[in-house]
Structures are given as C-alpha cells and as structure tokens.
Amino acid sequence: MQGIGKILIDEQTLMERISEMGEEISKDYQDKDLVVIGILKGAVMFLADLVKHIKLPLTMDFMAVSSYGRSTHSSGVVRILKDLDEDIEGKDVLIVEDIVDTGLTLNYLADNLLSRNPKSLKICCCLDKPSKRRVPVKVDYVGFTIPDKFVVGYGLDYAEKYRNLSYICVLDDDNIE
Ligand code: 5GP
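Residues numbered from 1 in each chain as written. Predicted model: local features only at pLDDT ≥ 70, side-chain atom pairs only at ≥ 80, totals over all residues. Heavy atoms only, no water.

Looking now at helix α2 (residues 44–52). Every buried residue of α2 is accounted for by Phe46, Leu47, Asp49, Leu50 and Val51. Buried residues along α2 sit against α1 (11–28), β2 (34–40), β3 (59–65), β5 (92–100) and β6 (120–128). (Buried < 20%, exposed > 50% of the residue type's maximum accessible area, 1.4 Å probe, protein only. Helix = DSSP H or I, 4+ residues; strand = E, 2+ residues; numbered from the N terminus. Contact = heavy atoms within 4.5 Å.)

Surveying the vicinity of the ligand reveals 17 residues, the closest of which are Asp98, Thr102, Thr105, Val151 and Asp157. Side-chain polar atom of Thr105 to an oxygen atom of the ligand: 2.5 Å apart, as the coordinates give it. For the ligand, whose unbound accessible area comes to 510 Å², protein coverage reaches 94%. Among the elements of the structure, β5 and α3 (104–114) are those that each provide at least two residues to the shell around the ligand. Sorting elements by how many residues they give to the shell around the ligand places β5 first, with four residues. Class assignment of the residues belonging to the shell around the ligand gives a composition of seven nonpolar, four polar and six charged. (Near = heavy atom within 4 Å. Polar contact = N/O pair within 3.5 Å; in protein donor to acceptor, adjacent residues only side chain to side chain. Areas by Shrake-Rupley, 256 points an atom, 1.4 Å probe, with all protein chains shown as cover. Nonpolar A, V, L, I, M, F, W, Y, C, P; charged D, E, K, R; others polar.)

Close approach of charged atoms allows side chains with opposite charge to pair. Counted under the stated rule, the structure contains 13 salt bridges. Glu20 is the salt-bridge partner of Arg17, the closest N and O atoms lying 2.9 Å from each other. Placement of the pair is Arg17 and Glu20 together in helix α1, with a separation of three residues, close to one helical turn. The closest approach of N and O atoms between Arg163 and Glu160, which form a salt bridge, is 3.0 Å. Residue classification places Arg163 among the buried positions, given a relative accessible area of 17%. Each member of the salt-bridge network shares a partner with another, and the members are Lys41, Asp157, Glu160 and Arg163. (Salt bridge = Lys/Arg side-chain N within 4 Å of Asp/Glu carboxyl O.)

As structure tokens, this is what we get:
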C-alpha cells in the first residue's frame, strides 16, 4: 500500500523491541498465574507477537471497548462492547493495549478490572503518546514512545482500515476525511 504516510516504526524494529518486552515479562511473571488481556481490535497484532516471546504457561482473554470510530480524536467516552469470558479474581492480570494517548481508555479499564479483585494488575502498551495525556496512567511496559501524530498499521486503524500493515506509519492529512 502506498501513499499512506511516513513509516514511523518498521517491522524489524517492532519485532526486536517486542521480543525484549516478552523476555522482561517472562522474568517478571515467573511462578505467577498470568492472564494476558488483549484489547480488541487494535492490540491483536501486538498481542500475537508478544505472547510468542512470553515463555510461561499463560492464558489469554479479550475485551472490546468503544474506539474513536471515524474520528482521529478521543471522545472521552469508554463503553465495553465485549467483556472477558473468564473471572480474573486472584489472577495476575496483564492488560495488553495498542496505544495510550489521553489515557482515558486505560484509566477506565484499569479501574474496571481492579474492581474484579485480581491478585495484580499491570499494563503493557505497544505505543505511548505522552503529550496528550488527560488522566495519569501507570504503564508498566512501553514498546515505543512516539510524538503526537495519528498513526496507523500493526493493528491500529483509521475507519477500520490499515490494521494489516506490518509496520506503523503516520496517516497523511490527505487520507483523513
Ligand atoms: P486514549 O483513551 O488513551 O486516548 O486512546 C486509546 C485508544 O485510542 C487506543 O486504544 C486507540 O484505539 C485509539 N488511538 C489513540 N491514538 C491513536 C492513533 O494515533 N492511531 C490510532 N489508529 N488509534 C489511536
């Protein structure tokens, strides 16, 4: 696909960093009851690559929350579209998310999951855009810190497109309706 925008993080750089993150998580969760919770749909690619590098007997579950739809700005309203299949009480939960921007989504998710009494709760994000934070969020594992640009690819969409790119790029203004 051409003309989408400048590549910000290429595939090789993504894979190298994700492998490091998997190693770190593997060390931190030795002898724990790890449940990895992927946030649909954006985190699917990241989660699939990350868990291959976590050398532990983990389980996976998924949640879907409302996204920006066709807008490139956060509405600030978070809705659960699909909840977890399993109970997380007493488990060591790791939320795996594509990107943290204003922090509203993860702040809501962390509060929501903490109310279910997990043994521990940590957050792992592929990308962090700290410049637009509106609420504080403690992200325990960050893949890459990026500038305040709207990015697509590697799971991230614009109007549901571009998720299948194997790299992350900045969406050109020409492509934004
Ligand atoms: P937050 O609630 O932190 O503002 O935003 C989190 C969600 O907004 C992410 O899970 C993602 O779906 C979406 N988002 C934030 N920034 C971007 C971006 O640059 N590109 C895309 N495609 N989605 C984004």
